[in-house]
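Residue strings, one per chain:
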Amino acid sequence: MNEWSNIDISPNDPEIREIDKFKKTLGIIPSKVRQIRELITRFEVCHFKYQQHLKYIKESILNLKPDIDPKKIGEYHIRCGENAWKKDKTGRSRLGQRYVWALTNWLGDNPKVKDLEYYDKEFGQQITEWLGKKNPEKERLVRLLRARLIWDEKSYQELQQGKENKELELQVCRMDICHYDFPKNLDLLLPGIGEMKPVEAFEGCGSFNSDIKKFVEKEFSILNDLLKSMTSVHKLDKNELVKAWLIACLTKTLKEQVNLKKPIPRLVRKD
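Residues numbered from 1 in each chain as written. Predicted model: local features only at pLDDT ≥ 70, side-chain atom pairs only at ≥ 80, totals over all residues. Heavy atoms only, no water.

Novice: With reference to specific residues and values, describe the overall build of the protein.
Specialist: Assigned secondary structure in the protein consists of 11 helices and 0 strands. Starting at the N terminus and walking to the C terminus, you meet the elements of the protein as α-α-α-α-α-α-α-α-α-α-α. Seen through its C-alpha atoms, the protein measures out along the principal axes to roughly 70 × 35 × 30 Å. The buried share among the 271 residues of the protein stands at 45%. Long-range contacts, defined as pairs at least 24 residues apart, comprise 72% of the intrachain contacts of the protein with a sequence gap of at least 6. Summed over its atoms, the accessible surface of the protein is roughly 14,900 Å², and 49% of this surface lies on carbon and sulfur atoms. Side chains of the protein give 51 positive and 42 negative charges; the mean places of these two sets differ by 4 Å. (Helix = DSSP H or I, 4+ residues; strand = E, 2+ residues; numbered from the N terminus. Buried < 20%, exposed > 50% of the residue type's maximum accessible area, 1.4 Å probe, protein only. Contact = heavy atoms within 4.5 Å. Areas by Shrake-Rupley, 256 points an atom, 1.4 Å probe, with all protein chains shown as cover. Lys, Arg positive; Asp, Glu negative; His and termini not counted. Charge placed at Lys NZ, Arg CZ, Asp CG, Glu CD.)

Following this line, the structure appears as structure tokens:
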């Protein structure tokens, strides 16, 4: 996994280059620290638990010990199978699975899906009405949506065309049950697919609202000030240097995910 895969940046971004250069001065990065860096890479402001995740990451950096095992993130997501929702306490996976079953029913891929114990026939009928009459392009988009929801990477890649209905396809590709505006955004997208028209004012993966930006701006400012105070110290020990690097990674991630303009402090080793 690319450490910066959760933000859109130029390969020559000066802040990224400096942070990566600073990392090289740290020598061998311990396993626990690499796990914290992975938590930062997995962080998304559009996730409905973004505040909780940020809290975990900050505590992990403070203690130089991951507050949660990165490998356990998303273990109850519907990508882990149609029974994963049974262990999810938020209710999102169960709802997400209902959509997947309804889409499968509309596609006709599995005639027995309606016989499943937890299949909601009334819900399935609503999805059928939204999607309407089948045609090859509509079926492709619905299959693409299903692949996106369950993280079926192989089908997801094969079903993308990038030619017809580009905007609608892009909206399908920005759908996930973890998004703060799920299921509202999916309930708007499905009739859009039914009519083969993109949704106006669509909020999918990678988006943020004013409340999220306000919260992130405050956190960014706190981290920026902390980083500035750390880099002003004449000499930091190895652990403090590692913390400074992790804080810089997190600060840069927050900055780019909500499009902030203020620069982050330079990482300069003063020893």
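Once the structure has been displayed, the description carries forward.
Novice: How would you summarise the pattern of salt bridges if you had to cite specific residues and measurements?
Specialist: Where charged atoms from two side chains of opposite charge approach closely, those side chains can pair. Within this structure, the stated rule accounts for 18 salt bridges. With a closest N to O distance of 3.9 Å, E3 and R37 form a salt bridge. In this pair, E3 is assigned in the segment before α1 (14–24) and R37 in helix α2 (residues 31–42), connecting sequence segments 34 residues apart. Connected through shared salt-bridge partners, D13, E15, K252, K255 and E256 make up one network. (Salt bridge = Lys/Arg side-chain N within 4 Å of Asp/Glu carboxyl O.)

Novice: Summarise the nonpolar core; cite the residues concerned and give the values.
Specialist: Counting 41 residues, the largest nonpolar core has I19, I61, W245, L246 and L250 as its most contacted members. Contributing elements (two or more residues each) for this core: α1, α2, α3 (50–63), α10 (210–231) and α11 (238–257). By residue number, the principal contributor to this core is α11, which donates 10 residues. Those residues within four positions of I19 in sequence are excluded, and the remaining contacts are W4, W245, A248, C249, K252, I264 and L267. The next biggest cluster of nonpolar side chains, apart from the first, holds 31 residues, and it includes Y99, L144, C173 and I177. (Core = buried A, V, L, I, M, F, W, Y, C linked by side-chain atoms within 4.5 Å.)

Novice: For the packing of α1 against α11, give the residues involved together with the corresponding values.
Specialist: At a minimum axis distance of 10 Å, the contact between α1 and α11 shows a crossing angle of 160°. Compared by their axis directions, α1 and α11 come out roughly antiparallel. With respect to the hand of their crossing, α1 and α11 are arranged in left-handed fashion. Where α1 abuts α11, its residues E15, I16, I19, F22 and K23 lie against L241, W245, A248, C249, K252 and K255. Its residues assigned to classes, the contact of α1 with α11 shows 7 nonpolar, no polar and 4 charged. (Axes fitted to C-alpha atoms, helices over the stretch in contact; angles between N-to-C directions. Parallel < 35°, antiparallel > 145°, perpendicular 65-115°, else oblique. Left-handed = near helix turned anticlockwise from the far one by under 90°. Nonpolar A, V, L, I, M, F, W, Y, C, P; charged D, E, K, R; others polar.)

All we've got here are geometric facts, nothing functional implied.
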